[in-house]
Amino acid sequence: METTATTNTEPDWPAQLRAHALRVTRPRTNVLRVVQEHPHASADEVHRQVRAALPEISVQSVYVVLADLDRHGLIRRIDVPASPARYETRTGDNHHHAQCVRCHRIVDVDCVVGSAPCLTPGDAAGMTILSADVLFRVVCADCRENGPDSGIPHR
Ligand SMILES: [Zn+2]
Ligand SMILES: [Zn+2]
Ligand SMILES: [Zn+2]
């Protein structure tokens, strides 16, 4: 089945979907394309972009598609405190994130270890550690240039 023309850099999403025994649908391929083009987008942002190709799609449908893709490991969901979940297609490398406390931008930070868990507590007290979610709180270079007076929010 022919779908839209793909660029050289874009993964073959229909093939990826089939590899996970998922039906190839336009909502799924469009959501994957948008998440690939806009790493760390929220569901609302994904919806806004996908609507350009699929004007009728509801935000609820986008949530369902995102949850399906996340469950199959085609995308990764990132939970950020006090902010909607974000999504990205960079999966499987256990990378971490840094969020600017001023502009809320999220950027990738490579994991030195590369597999979970890359941190273990001093005393695991008999627990099996599956993963360690690390979110660096930072002031990004752009915001730092805007001066120290822009104010780091208290929390
Ligand atoms: Zn910033
Ligand atoms: Zn990321
Ligand atoms: Zn790590």
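1. Notes on the coordination of the zinc ion (ligand 2)
Phase 1 of the analysis: Note on the zinc ion (ligand 2): its protein donors are His 40 (NE2), Glu 88 (OE), His 95 (NE2), His 97 (NE2) and Asp 108 (OD). The metal-donor distances range over 1.9 to 2.3 Å.
Phase 2 of the analysis: Between the donor residues of the zinc ion (ligand 2), the gaps in sequence give the motif H-x47-E-x6-H-x1-H-x10-D. We note that Glu 88, like His 97, is buried.

2. So, the pattern of salt bridges
Phase 1 of the analysis: Following the criterion strictly, the structure yields 9 salt bridges and no others.
Phase 2 of the analysis: Close ionic contact of Glu 37 with Arg 33 constitutes a salt bridge, the shortest N to O distance being 3.7 Å. One end of the pair, Glu 37, and the other, Arg 33, are both in helix α2 (residues 26-37), 4 residues apart, so they sit about a helical turn from each other.
Phase 3 of the analysis: Ionic pairing is found between Arg 71 and Asp 68, a salt bridge with its closest N-O pair at 2.5 Å. Taken together, the residues span about one helical turn, with Arg 71 and Asp 68 both in helix α4 (residues 59-71) at a distance of 3 residues.
Phase 4 of the analysis: One salt-bridge network, in which partners are shared between bridges, spans Arg 90, Asp 93, Asp 108 and Asp 110.

3. A look at the environment of Asp 93
Phase 1 of the analysis: One can find Asp 93 in the loop between β3 (86-88) and β4 (96-100).
Phase 2 of the analysis: Counting along the chain gives 17 residues from Asp 93 to Asp 110, while the straight-line C-alpha distance between them is 8.3 Å.
Phase 3 of the analysis: Not counting the four nearest positions on each side in its chain, Asp 93 is found in contact with Arg 76, Cys 111 and Gly 114.
Phase 4 of the analysis: Within polar-contact distance, the side chain of Asp 93 engages the side chain of Arg 90 at 2.5 Å.

4. Here we look at the coordination of the zinc ion (ligand 3)
Phase 1 of the analysis: Protein coordination at the zinc ion (ligand 3): the donors are His 96 (NE2), Cys 111 (SG) and Cys 118 (SG), at 2.0 to 2.3 Å from the metal.
Phase 2 of the analysis: As a motif over one chain, the donors of the zinc ion (ligand 3) read H-x14-C-x6-C.

5. Brief notes about the environment of Ile 78
Phase 1 of the analysis: In this structure, Ile 78 sits in strand β2 (residues 76-78).
Phase 2 of the analysis: Along the backbone, Ile 78 and His 97 are 19 residues apart, and their C-alpha atoms lie at a distance of 8.8 Å.
Phase 3 of the analysis: Beyond its immediate stretch of four places on either side in the chain, Ile 78 contacts His 40, Ala 85, Arg 86, Glu 88 and His 97.

6. Thoughts on the layout of surface pockets
Empty space among the atoms becomes apparent when a probe as large as a water molecule is rolled across them.
Phase 1 of the analysis: One number sums up the size of the largest pocket: a volume of about 390 Å³.
Phase 2 of the analysis: Of all the secondary-structure elements, those providing two or more residues to the lining of the largest pocket are β2 and β4.
Phase 3 of the analysis: The greatest single-element share of the lining of the largest pocket, amounting to 3 residues, is contributed by β2.
Phase 4 of the analysis: Its residues assigned to classes, the lining of the largest pocket shows 5 nonpolar, 7 polar and 5 charged.
Phase 5 of the analysis: Here the lining of the largest pocket spans two domains, and each of domain 1 (13-78) and domain 2 (92-150) adds at least three residues to it.

About the cut-offs
Each chain carries its own residue numbering, running from 1 in the direction its sequence is written. Written order decides the labels, with chains lettered from A and ligands numbered from 1. Where totals are concerned, whole chains, interfaces and linings use all residues; where local detail is concerned, this predicted model gives features only for residues with pLDDT of at least 70, and gives and counts side-chain atom pairs only at 80 or more. The side-chain figures draw on all heavy atoms in the structure; neither hydrogens nor water molecules are used. A 2.8 Å cut-off from the metal defines N, O and S donors, relaxed to 3.2 Å for Na, K and Ca; water is not in the atom list, so some sites may appear incomplete. When accessible area is computed with a 1.4 Å probe and restricted to protein chains, residues below 20% of their type maximum are described as buried, those above 50% as exposed, and intermediate ones as partly exposed. What makes a salt bridge here is a side-chain nitrogen of Lys or Arg within 4 Å of a carboxyl oxygen of Asp or Glu, nothing more. Secondary structure counts use DSSP, requiring at least four H or I residues in a row for a helix and at least two E residues in a row for a strand, with both numbered from the N terminus. The contact definition used throughout considers only heavy atoms, calling two residues in contact when any of these lie within 4.5 Å. Whenever a nitrogen or oxygen atom comes within 3.5 Å of another N or O atom, the pair is scored as a polar contact, on the condition that within protein one atom can donate a hydrogen and the other can accept it, and that pairs from neighbouring residues in sequence are kept only if both atoms are in side chains. Think of a 1 Å grid over the protein atoms and nothing else: a 1.4 Å probe that fits but is trapped marks a cavity, an open set flanked by protein within 12 Å on at least five of seven lines marks a pocket, and residues with an atom within 4 Å of a point count as lining. Grid points are joined across faces, edges and corners, and a volume is the space filled by probe spheres set on the points. Basically, the charged four are Asp, Glu, Lys and Arg, the nonpolar ten are Ala, Val, Leu, Ile, Met, Phe, Trp, Tyr, Cys and Pro, and anything else, Gly included, counts as polar. A domain assignment, automatic or from a database, supplies the domain bounds used here.

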